[in-house]
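# Residue-level structural notes
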Amino acid sequence: MSEDYEKNLESVASARPVGAALQAASQGRLIIDVARLDEGGEDFNGEIPIDQLDLDPDDLLFRPRSGLRYKLRVTLLDGILFASGRAEEDFECTCVRCAEDFPWTACDDEVEISIENAAADSFIDLTDSLRECIILSFPSNPLCREDCKGLCQHCGKNLNKEACECAQDGDGRWGALDGLEME
Ligand SMILES: [Zn+2]
Ligand SMILES: [Zn+2]
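Residues numbered from 1 in each chain as written. Chains lettered and ligands numbered in written order. Predicted model: local features only at pLDDT ≥ 70, side-chain atom pairs only at ≥ 80, totals over all residues.

### Some remarks on the overall build of the chain
Here is the rule we go by: A run of H or I in DSSP becomes a helix once it reaches four residues, and a run of E becomes a strand once it reaches two; helices and strands are each numbered from the N terminus. Here exposure depends only on C-beta density: within 10 Å of a residue's C-beta, 20 or more other C-beta atoms make it buried, 12 or fewer make it exposed, and intermediate numbers make it partly exposed, the C-beta atoms being placed from the backbone. What counts as a contact is two residues whose backbone-derived C-beta atoms lie within 7 Å of each other.
Of the regular secondary structure elements, the chain holds three helices and seven strands. Element order for the chain, N to C, with α for helix and β for strand: α-β-β-β-β-β-β-β-α-α. Counting every position in the chain, which comprises 183 residues, the buried fraction comes to 18%. Sequence separation of at least 24 residues holds for 53% of the intrachain contacts in the chain that already meet a minimum separation of 6.

### Here's the deal with the pairing of strand β5 (residues 80–94)
Heads up, the rule is: By definition, two strands form a pair when at least two bridges between them are found by DSSP.
In terms of strand pairing, strand β3 (residues 62–64) meets β5 through three bridges, oriented antiparallel. Considered in β5, the bridge of Arg63 is made with Glu92. Following strand β4 (residues 68–77), the chain reverses through two residues before pairing antiparallel with β5; Asp78 in that reversal takes a positive phi of roughly 50°. Bridge analysis of β5 against strand β6 (residues 101–115) gives 13 bridges, and the strand direction is antiparallel.

### Some points on the nonpolar core
Heads up, the condition is: Only buried residues count toward a nonpolar core: Ala, Val, Leu, Ile, Met, Phe, Trp, Tyr and Cys, linked into one set through C-beta atoms within 7 Å.
Formed by 25 residues in total, the largest nonpolar core has its most connected members in Leu68, Leu81, Ala87 and Leu130. When residues of this core are traced back to their parent elements, those giving at least two are β4, β5, β6 and α2 (127–136). Filtering out sequence-adjacent residues up to four positions away, Ala87 remains in contact with Leu68, Tyr70, Asp108, Val111, Leu130, Cys133 and Ile134.

In structure tokens, the structure reads:
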């Protein structure tokens, strides 16, 4: 083995400090440096900045208001990289019944990601998988509260805030018909 070769090995080793196997210069994305991952697994806690998540800030129902916070245990076993734990992110939502905006936190506390064929010298970016966990936790119809009374279909008043005269008997549709019959 030549002296130069040994020197090169040394400089490579010193450029890769032992510790959290996070790739440097990742712009906050969660990128696992598999070569540096502890044999027994490692904990990763952090926040991926909002600008790395590709979520529409003007979405009709779910507008991101924070980065994605994660708390994960990452292990490598037989070439498969596992990440399990929790991911959450704050959103401003719009209620599908009353159209009011309200704050809401998307949360997946049973994150289970597995990446097969994780080469020992690879960098694995878990950002998109975590983003997917957040999106899958969205309810199809966000409600400001479970018993949101919604808008009156007849006069448009927000029934959470004030009662209206239209729908005192039955629901708004029949109430409106009753009104027509009386005219
Ligand atoms: Zn509502
Ligand atoms: Zn009404």
